[in-house]
Amino acid sequence: METPAGTGLKLLLWILSHISISQAASPSSQKCDEALVTPLPHNAFTSSSVFTSGYAPGYAKLNKRGGAGGWSPLDSDHYQWLQVDLGSRKQVTAIATQGRYSSSDWTTRYRLLYSDTGRNWKPYHQDGNIWAFAGNSNTESVVRHDLQNPTVARYLRIIPLDWSEEGRIGLRFEIFGCPYWADVINFDGQGVISYRFKMKKMKILKDVIALKFKTSESEGVILHGEGQQGDYITLELRKGRLLLNQYGSILGHTSVTSGSLLDDHHWHSIVIERYRRNVNFTLDQHTQHFRTNGEFDHLDLDYELTFGGMPYSGKPVSGGRRNFKGCMESINYNGENITDLARRKKLDSSSFRNLTFSCVDTHTFPVFFNGTSFLQLPGRRDHNMVSVGFQFRTWNPTGLLLFSSLADGMLELALNDGKVTAHINVTQQKNMRVDIASGSGLNDGEWHDVRFLAKENFAMLTIDGDEASAVRTNSPVQITTGSTYHFGGYFLRTRASPVQRSFQGCMQLIQVDDQLADLTAVEQGRMGAFENVSLDMCAIIDRCMPNQCEHGGRCSQTWDGFTCTCDGTGYTGATCHTSVYEQSCEAYKHLGRSSDSYWIDPDGSGPLGPFKVICNMTEDKVWTTVVNDLATQTAVTGSSRERRTVLQLNYSASMEQVTAITNSAEHCEQHVAYACRMSRLLNTPDGTPYTWWVGRGNEKHFYWGGSVPGIQKCACGIERNCTDSKYYCNCDADQKQWDDSGLLVYKDHLPVSQVAVGDTNRPGSEAKLTVGPLRCYGDRSYWNAASFNTPSSYLHFSTFQGETSADISFYFKTSAPYGVFLENLGNTDFIRLELKSPTVVSFSFDVGNGPVELNVYSPTLLNDDQWHRVSAERNTKEAILQLDQKYKEVRPAPTQGHTRLELYSQLYVGAAGGQKGFLGCIRSLKMNGMALDLEERANVTPGVKPGCSGHCTSFGMYCRNGGKCVEKYNGYSCDCSTTAYDGPFCSKGQYAYAGTLVKYNLVPEVVAAASSLDEKSVIHNLPVETNLTHEDLTFSFSTSTSPSLLVYISSKTQDYMAVVLRQNGNIICSLKKEGFYCNSKEEPFWVPQRICRFHIQPLQTSNFRCLSVSSLLAETGYIDPVLIEKYNTPGFVGCLSRVQFNSIAPLKAALRSRGSAPVSHQGKLVESNCGASPLTIPPMSAATDPWHLDAVHFQQIFLLNYSFNSGECIFLAGIIAVVIFTILCTLVFLIRYMFRHKGTYHTNEAKGGESSESADAAIMGTEPNFTETIDESKKEWFI
């Protein structure tokens, strides 16, 4: 047994050993900022040229004054460079420059190249571009740049791009960094290194793999491990891209691709971190996070991993995969240094013929063409054969690869639509022309090999050495070569010129006349010529890797830029960043939409995709419904506590998407029902539940619908009305048949994802389960608002993270002329949105390229105290500012420069330092799809109040047909109680089926007293619905039959008012008053399924009223048998809706009152969507005709309805009768005269919504889609 002292000593040694290992493993933890150039000797510096010996590159050390005070080349042009050899590979973290001492010479802009060998240079990249550093503006000031992406190199080269206008190129510089060392292994494409586990058949939960590699091959296996059960992991190069494959467990295959152009023979770093099924895959500081497929967390690997290829003894075949050829360094697996173990011969490397621990570099001398460049090489003159070859890579589908002037014609090799075409034209001979093409999709950025051979009567073009791609022609042609070949461009104006003039891309391994071109001699000026080319460098960039097209957008590119295709993604914009859908059903409602299925995107530009829900727009709430796939009353048998039957529910949206709905909703509910036959549910009061359900977060819950969390009861247990009072659920009484149902309303637990049933295994026991859809109302983020009451008040939030793409959206309303909406600052970067004037909204930002400002101008004032919507977006392609979804400004981003927005301060909403504060309201503020809780922050911030009133000023226009806007804390609603309309916007009519009679008693409370009171006292006691001076009757109808009675208003006397449709299809309004008949002039309706709407206003006169007070107070209504017999046979067949008499809506009252209004009906009365198709209902028989005279009627409005009217026709009848008692002979004349000229029928066309008296006219003006559901054969008639 060890002593405590011995145990403590061992523990101390263990800690110290791990500290030393940690320090040794992470030398980069020390500051890497040493001056690397100052200690170097003069011979470590070289340059393209030197002005004089005093300007030698060895004098170009920072702050030194030796020689002429710095380096200057002989000529100040774009072919100059200054190079330094650091002696060994170093980690480079920063660069600083000065001008030449005491002169007018300095460099204002430059590029930095680096290399391990002094050949095959690579330009420094930053923000997805070949980076150009800002230099100096005088001779003495030092300008330093810390590298965003530190690099490792031995050789560095500075390329001046711009310089002093007053002098010439002048430069002193310093490189900062620290020493770098790593074990390197050279892989020859044959050998592999095997690492064997200490325990065989390991089930691995955690892996950390790190290494660096460089190669000029596009294919090769870097790492492979495989188990006897079929699990494996493979990391390989495929077409210059990294492919990570992992297979484990059932259905566990995962494949992820990263990077491109990795065959550039430069170092690339890889880190793979896997814990269970979560993986971080990092390539050159770009990390992908993903979760592997499968059901289990471990990898059941065999006893070894191989680096550099597939194992020779492995059971599965490699599938034609190549082993890796190139160099690897710093290989680490779970803390083990593989390269060090291989050096010390601790690993199996027997497959190597000659294992070396230094990198063998292959050099191909690439040439980079920028679209204004060419490379001219000599060839054999007056020869009868052309033989050329080269490799190229590009992103452009077109370009000139090669041009040569023949002795009597021309030769052109070009790229056209991704194919290589060869064109030979001999001008001095007729029909001497050759055109051949080969390959496809060759503008994919990969290296492609081209071989072209032409001689007498023969030409052949071969792509990538593939014999199948070889295209031959035996056209008669005689070739005599010229003396030069132009690669990548031809700009001379000669008689024979190519169609394509330039090329953007790289070439290497150029052969002319079967000889490899000596490009080093070309660089030194000993042969050939060139212009604007970059020798020994390929500056190709993959702008689609990483893919900057978001949300699954497809990226395509040319040499200079990329474009995103967003079709089918649900997003739009230059980078597919902005959702095309609204965030919720609430947002759709306030765009004036009605109930329907809609796509919503709760997090906007966030990671959640759009999904479809059902939106139900009611008068006071907007319900969002997400359905599941569990059938109603799903039967469950044979389950027990030990072996429960688990029912899985799948919804029409993912759990993350549903969670976004519940998080923002005010209320959610889900109906559950358990119908039981000898099947206990929760086993109350004290037992272990037989059945439970799983909600959000995969937590089990032991309460049922109607109860709340923590209380193991059903609804009857809460309400204390269970069938057996000893139990808290009906089903727990274990009787033969019962049920428990209710609503689950604790939204943090919803939706229900599983139900486990556990008591249906006894004889005769059974359960039937129903789980309804998830229903939520309200959108807290949509109405989340704050009121800023003082210019100095503001809210602050954490720093906005929007480095490469940022979007901001919100609503505001104010009466102030200006103010800052929000601002976030960095060191120099910033982002700001403000109201600059009463008509201008501004969006400004700086990502390091200088301030950018976008302004949108409104034709109307923005400080009108109404809501206005602002949305702004910035990405690597463009910046956009939009106001009220109408006015927009778009600004393209610069093709070169900074792209990352780096912010450090807090986000300020409502004000900014030293800026004009905002006075007013801001609501629904979202930044990159995340809603900011303004109300929560406003509750604890002086000068800011949560919420904002006055929504009706902006949204009241949506309340139609006389509906009143009612202000709510979170939004508004439309009060339709005084209209004939229904629905969230008072735009929905009421409909019923044929054979229905609706009766409305106009004045029931005073009918009984009519006989005992005089007229004046009755008038005094009339309700407000009774109008003594005029009547308004408005309704809509559609029919294809005639004649029919549409509306009939009766009285106790023989007076009545009716609207009838005659046999000939014309309409009349008939009124009878104390023996006088008033008929309007006939208006044509033209029966075949036409659509009309009526608005009747009998005119007021002091001498004549068509309906008197006494007629309205009659207890029993008189029915004119002649009128009924004439116009109601066989009865009305059609649609009658939206009926309003004065302020009474009888049809609406019949459908909505539930017995509270003085209305009754005969026959079937349900809402129906009619009028969208021709009517096919046969005429009614006398037995079913509600107008049959055997019926007893009171003073009522009679409506007969069948189908829906979606069109409009306005019928305005005014009858004015003036009776003047005078001489008997003139009395007859005057009466005849008045009936001719005063008894007219007035019609008005709809003017929009100007008259608040006319609900229908308002509909005509505000509902452009009012006739959407009407058959195309129907027409509107205004009467």
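Above this text sits the structure in question.
Described in the following lines is the structure provided in the data block. (Residues numbered from 1 in each chain as written. Predicted model: local features only at pLDDT ≥ 70, side-chain atom pairs only at ≥ 80, totals over all residues. Heavy atoms only, no water.)

## Digging into the overall build of the chain
Stated precisely, the cut-off is as follows: Helix numbering and strand numbering both begin at the N terminus, where a helix is a DSSP run of H or I of at least 4 residues and a strand a DSSP run of E of at least 2. Burial here depends on accessible area, computed with a 1.4 Å probe over protein chains only, as a share of the maximum for the residue type. Under 20% is buried, over 50% is exposed, and the range in between is partly exposed. Between two residues, a contact is recorded if the distance between any of their heavy atoms is within 4.5 Å. Accessibility throughout is a Shrake-Rupley quantity obtained with a 1.4 Å probe, and a residue counts as covered only by protein chains that appear here.
For the chain, the helix and strand inventory stands at 16 helices and 83 strands. Within the chain, buried positions represent 53% of all 1279 residues. Look at the contacts in the chain between residues 6 or more apart in sequence, and 70% of them connect residues 24 or more apart. Of the roughly 57,200 Å² of accessible surface on the chain, 50% is carried by carbon and sulfur atoms.

## Some words on the side chain of His749
The cut-off we apply is this: We define a polar contact as two N or O atoms separated by no more than 3.5 Å, with the added condition that, inside protein, one atom must be a possible hydrogen donor and the other a possible acceptor, whereas residues neighbouring each other in sequence contribute only through side-chain atom pairs.
With respect to the element layout, His749 can be found in the loop between β53 (738–744) and β54 (754–757). Side-chain polar atoms of His749 contact the side chain of His701, separated by 3.5 Å. One polar contact links His749 to Tyr703, side chain to side chain, over a distance of 2.9 Å. Not counting the four nearest positions on each side in its chain, His749 is found in contact with Trp693, Gly695, Arg696, His701, Tyr703 and Pro709.

## Remarks on a nonpolar patch on the surface
The following threshold applies: By definition, no residue in a patch forms a salt bridge, and every one has over 30% relative accessible area; like charges are joined within 9 Å, nonpolar side chains (Val, Leu, Ile, Met, Phe, Trp, Tyr) within 5 Å. Counted as salt bridges are all cases of a side-chain nitrogen of Lys or Arg within 4 Å of a carboxyl oxygen of Asp or Glu.
Nonpolar side chains collect at one region of the surface, where Val708, Ile711 and Ile718 lie side by side and expose about 200 Å² of accessible area between them. Take Val708: it is sitting in the loop between β52 (700–701) and α6 (715–719).

## Section: helix α5 (residues 655–664)
For α5, a buried count of 7 out of 10 residues is recorded, marking the element as mostly surrounded by other parts of the structure. The complete set of buried residues in α5 reads Gln657, Val658, Thr659, Ala660, Ile661, Thr662 and Ser664. Looking at the packing, one finds that the buried side of α5 touches β45 (596–600), β46 (611–617), β47 (622–626), β50 (667–677), β55 (766–777) and α7 (780–783).

## Some remarks on the state of the cysteines
Note the following rule: For the purposes of this analysis, a disulfide is any pair of cysteine sulfur atoms at a distance within 2.5 Å.
Considering all chains together, one arrives at 12 disulfides under this definition. Between the sulfur atoms of Cys327 and its disulfide mate Cys359 the distance is 1.9 Å. Around the S-S axis, the bridge from Cys327 to Cys359 shows a dihedral of about 95° and counts as right-handed. Here Cys327 is found in strand β24 (residues 325–333), whereas its partner Cys359 is found in the loop between α2 (338–343) and β26 (367–370), with 32 residues between them in sequence. Residue Cys327 is classed as buried on the basis of its relative accessible area, which comes to 0%. The partly exposed category is assigned to Cys359, whose relative accessible area is 23%. Paired by a disulfide, Cys585 and Cys615 hold their sulfur atoms 1.9 Å apart. The chirality of the disulfide connecting Cys585 with Cys615 is left-handed, given an S-S dihedral of about -70°. Residue Cys585 is found in helix α4 (residues 585–589), and its partner Cys615 is found in strand β46; the two are separated by 30 residues along the sequence. Residue classification places Cys615 among the buried positions, given a relative accessible area of 1%.

## Things to note about the nonpolar core
This is how it is decided: Only buried residues count toward a nonpolar core, which is a set of Ala, Val, Leu, Ile, Met, Phe, Trp, Tyr and Cys residues joined through side-chain atoms within 4.5 Å.
In this structure, Phe392, Ile424, Phe452 and Phe487 are the most contacted members of the largest nonpolar core, which totals 42 residues. Residues in contact with Ile424, not counting those within four places in the same chain, are Leu406, Met410, Leu411, Met432, Arg433, Val434, Phe452, Ala454, Val477 and Ile479.

## Structural notes on the side chain of Ser584
Mapped onto the fold, Ser584 is located in the loop between β44 (578–579) and α4. With a relative accessible area of 9%, Ser584 lands in the buried category. Among the polar contacts made by the side chain of Ser584, one reaches the side chain of Asp779 at a distance of 2.6 Å. Not counting chain neighbours up to four residues away, the residues in contact with Ser584 comprise Ile600 and Asp779.

## Examining the pattern of salt bridges
Using the criterion set out here, one finds 35 salt bridges in the structure. Arg144 is paired through a salt bridge with Asp33; the nearest N and O atoms lie 2.8 Å apart. Linking Arg144 in strand β9 (residues 143–163) with Asp33 in the loop between α1 (4–25) and β1 (34–35), this pair joins segments that are 111 residues apart in sequence. Classification of Arg144 as partly exposed rests on a relative accessible area of 38%. The exposure class of Asp33 is partly exposed, given its relative accessible area of 28%. For Arg472, the salt bridge identified is with Glu467, shortest N-O distance 3.8 Å. Three or more residues are tied together by salt bridges with common partners; here these are Arg89, Asp116, Lys214, Glu329 and Asp361.

## Considerations on the sheet that holds strand β59 (residues 819–825)
Applicable threshold: One requirement defines pairing of two strands: DSSP has to find at least two bridges between them. For helices, the fitted axis covers only the stretch in contact; all axes are lines through C-alpha atoms, and the angles between them, taken along N-to-C directions, range from 0 to 180 degrees.
With antiparallel pairing, the 6 strands of this open sheet are ordered in space as β57-β66-β59-β60-β61-β62. Two strands in the sheet have a free side with no partner beyond their single neighbour: β57 (795–797) and β62 (852–857). Here the average twist between neighbouring strands, direction ignored, is 15°.

These figures capture arrangement, not role.
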